[in-house]
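Next come the chains, spelled out residue by residue.
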Amino acid sequence: MKNYKVYPLFDITIEKGEGNYVYDTAGERYLDFYGGHAVISIGHSHPTYVTSITEQVNKIGFYSNSVQIPQQEELAEKLGVLSGYEDYDLFLCNSGAEANENALKLASFQNGRNKIVAFKNGFHGRTSLAVAATDNPKIQAAVNATDNIQLFELGDLEGVKAALATKEVACVIIEGIQGVGGINDPGAAFLEGLQKACKETGTIFILDEVQSGYGRTGKFFAHQYADVKPDLITIAKGMGNGFPIGGVIISPDFEASFGQLGTTFGGNHLACAAGLAVLDVMKAENLMNNSQQIGDYIISQLKDIKSIKEIRGKGLLLGLEFEDSVKELRGELLKKYKIFTGAATNPKVLRLLPPMTITKTEADIFINALTDLL
Ligand code: PLP
């Protein structure tokens, strides 16, 4: 059997990660300015993280019956404190798409409606419901979701309001800052307008913070730059620093009942060990603050470069938009300067999602390389 090839790859095989660097099979070192699509939050192989997972494996092996183990309560409690959502509940699952699938389902259970409002250039994952909310008409048609989904431009509040006024829409789902689509910030005023429209029409307001959450923007969630408190918040990626874990953060207006949601693997012992280590390190090393400071520093150093049309995003969730495709630029950064960066569905955007542990010296390595190339 061979693997089903769905990813474009560089001809490099990474076999080791340490701090903010990864190493290939020939021992070459690369600065990681992409963090596996925002997955690496506390750096590669952080000692606290490795110890937490190793100790857990030694205790219980890979036992994965995850139903309401005590570690889940500890994780929920710590997450509540660090994120400012102490009065919300946490449902644990395995990935971002699964978190969104559960959030969309919860919304529908809550108000009995089945339509979804989402946004152009948005991305919410690849399961059938999550993909329906993703801006890709071909896939929406394939999962027969075109009748139930309405996509609006970011900022089109009047359009969304008209859709919600029908009272047929179960939920509005929006990213705190669009990631895959090219780092597009909806802005505080738009999020606040959406929340108000949702409240007035009994529509559930879902913030997908799978990529923009977990401290990366300088606040725990990107939406915390606005005066909003969503009904549901979805998380994954940076939550486990590479270990698969996701979750839905659920407002107290929802009432849990047995069988309403469920999963075999979600929130298993190892996932909790990974998730707890991430939160402990984020707190101990003040990583949200570091994200903010290094992000601001990168912006300040790049903002006067003429060939960069626009710098978007916050903290360490940044998109640099150029006049043309960044394919060659990314290739050169990797080949010549040994720096990994990311692409977006907008081919003119260079996506930067380094670990939140990145230092000013490492930021300078990237800034100097980019400046040299430009
Ligand atoms: N939501 C957002 C905003 C994402 O960026 C992604 C993945 O890139 C997902 C959901 C899906 O997450 P996963 O790949 O863990 O299913």
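Scoring rules and cut-offs
Residues numbered from 1 in each chain as written. Predicted model: local features only at pLDDT ≥ 70, side-chain atom pairs only at ≥ 80, totals over all residues. Heavy atoms only, no water. UniProt positions renumbered as here; feature names shortened; annotations may be inferred. Helix = DSSP H or I, 4+ residues; strand = E, 2+ residues; numbered from the N terminus. Rg over C-alpha atoms; globule rule 2.2 N^0.38 Å. Buried < 20%, exposed > 50% of the residue type's maximum accessible area, 1.4 Å probe, protein only. Domains from an automatic or database assignment. Contact = heavy atoms within 4.5 Å. Buried area = accessible area lost by both parts, 1.4 Å probe. Salt bridge = Lys/Arg side-chain N within 4 Å of Asp/Glu carboxyl O. Polar contact = N/O pair within 3.5 Å; in protein donor to acceptor, adjacent residues only side chain to side chain. Pairing = 2+ DSSP bridges. Right-handed = clockwise from strand over helix to strand, strands pointing away. Near = heavy atom within 4 Å. Areas by Shrake-Rupley, 256 points an atom, 1.4 Å probe, with all protein chains shown as cover. Nonpolar A, V, L, I, M, F, W, Y, C, P; charged D, E, K, R; others polar. Patch = residues over 30% accessible without salt bridge, like charges linked within 9 Å, V, L, I, M, F, W, Y side chains within 5 Å.

- In the nomenclature of an unreviewed UniProt entry, the protein chain corresponds to Aminotransferase class III-fold pyridoxal phosphate-dependent enzyme from the organism Reichenbachiella agarivorans.
- We quote the UniProt Cofactor (unreviewed entry) comment for the protein chain here in full: "pyridoxal 5'-phosphate".
- Under the heading Sequence similarities (unreviewed entry), UniProt records this for the protein chain: "Belongs to the class-III pyridoxal-phosphate-dependent aminotransferase family."

Considering the overall build of the protein chain
Line of reasoning, step 1. When helices and strands are tallied, the protein chain shows 12 helices and 14 strands.
Line of reasoning, step 2. The globule rule puts the C-alpha radius of gyration for 374 residues at 21 Å, and the 20 Å found for the protein chain is close to it.
Line of reasoning, step 3. Seen through its principal axes, the protein chain has C-alpha atoms that stretch 55 × 55 × 45 Å.
Line of reasoning, step 4. Sorting the 374 residues of the protein chain into buried and exposed places 53% on the buried side.

Considering the domain arrangement of the protein chain
Line of reasoning, step 1. Considered domain by domain, the protein chain is made up of domain 1 (48–284) and domain 2 (287–353 + 367–374).
Line of reasoning, step 2. Inter-centroid distance (C-alpha atoms) of domain 1 to domain 2 is 26 Å.
Line of reasoning, step 3. With 20 residues of domain 1 at the contact, the number on the domain 2 side is 18 residues.
Line of reasoning, step 4. Carbon and sulfur atoms make up 60% of the surface buried where domain 1 meets domain 2, a total of about 1,600 Å² over both sides.
Line of reasoning, step 5. Summed over the three residues of domain 1 that lose the most area to domain 2, namely Val 180, Ile 183 and Arg 216, the buried surface amounts to 36% of that side.
Line of reasoning, step 6. If you look at where domain 1 meets domain 2, you find one salt bridge.
Line of reasoning, step 7. A salt bridge links Asp 185 to Lys 314; the shortest N-O distance between them is 2.6 Å.
Line of reasoning, step 8. The interface formed by domain 1 and domain 2 includes 10 residue pairs in polar contact (both at pLDDT 80 or more).

Examining the environment of Ile 40
Line of reasoning, step 1. Checked against the element boundaries, Ile 40 lands in the loop between α1 (35–38) and α2 (47–60).
Line of reasoning, step 2. Judged by its relative accessible area of 9%, Ile 40 is buried.
Line of reasoning, step 3. Sequence separation between Ile 40 and Val 278 is 238 residues; the distance between their C-alpha atoms is 9.8 Å.
Line of reasoning, step 4. Setting aside its immediate chain neighbours within four residues, Ile 40 contacts Gly 35, Arg 216, Asn 241, Pro 354, Pro 355 and Met 356.

Let's talk about the sheet that holds strand β1 (residues 14–18)
Line of reasoning, step 1. Strands sit in the order β1-β2-β3-β13 across an open sheet of four strands; the sheet is mixed. Across the chains shown, the open sheet's two edge strands, defined by having one partner strand only, are β1 and β13 (339–340).
Line of reasoning, step 2. Where strand β2 (residues 21–24) lies against strand β3 (residues 29–32), three bridges are found, and the strand directions are antiparallel. By the bridge assignment, Tyr 21 is partnered in β3 with Leu 31.

Quick word on the pairing of strand β7 (residues 169–175)
Line of reasoning, step 1. Here β7 lies mainly inside the structure; seven of its seven residues are buried.
Line of reasoning, step 2. Summarising the sheet, strand β5 (residues 115–119) and β7 pair through three bridges and their orientation is parallel. Looking across to β7, one finds that Ile 116 is bridged to Cys 171.
Line of reasoning, step 3. Sheet topology note: the β7/strand β8 (residues 204–208) ladder contains five bridges and is parallel. Counterpart to Val 172 in the pairing with β8 is Phe 205.
Line of reasoning, step 4. The parallel pair β7 and β8 is bridged by helix α8 (residues 188–201), and the resulting crossover is right-handed.

So, the site of the ligand
Line of reasoning, step 1. By nearness alone, 13 residues border the ligand, and Gly 96, Ala 97, Asp 208, Gln 211 and Lys 237 come closest of all.
Line of reasoning, step 2. In this structure, Asp 208 approaches the ligand through a side-chain N or O atom, which is 2.8 Å from a nitrogen atom.
Line of reasoning, step 3. Look at the ligand: alone it shows 390 Å² of surface, and the protein chains cover 83% of it.
Line of reasoning, step 4. A per-element tally of the shell around the ligand places helix α4 (residues 96–111) first, with three residues.
Line of reasoning, step 5. Among the residues making up the shell around the ligand, the classes are represented as four nonpolar, six polar and three charged.

Some remarks on a nonpolar patch on the surface
Line of reasoning, step 1. Taken together, Tyr 4, Val 6, Tyr 7 and Leu 9 make up a surface patch of nonpolar side chains, about 610 Å² in accessible area.
Line of reasoning, step 2. Tyr 4 gets classed as exposed once you look at its relative accessible area, which sits at 77%.

As for the environment of Asn 111
Line of reasoning, step 1. Mapped onto the fold, Asn 111 is located in helix α4.
Line of reasoning, step 2. Distance from Asn 111 to Gly 202, taken between C-alpha atoms, is 7.3 Å for residues 91 residues apart in sequence.
Line of reasoning, step 3. At 2.9 Å, the side chain of Asn 111 forms a polar contact with the backbone oxygen of Ala 170.
Line of reasoning, step 4. A distance of 3.1 Å separates a polar side-chain atom of Asn 111 from the backbone oxygen of Gly 202.

Observations concerning the pairing of β5
Line of reasoning, step 1. For β5, a buried count of four out of five residues is recorded, marking the element as mostly surrounded by other parts of the structure.
Line of reasoning, step 2. Looking at chain direction, β5 and strand β6 (residues 149–152) are connected through four bridges and run parallel. In the sheet register, Ala 118 faces β6, and the bridge partner there is Leu 151.

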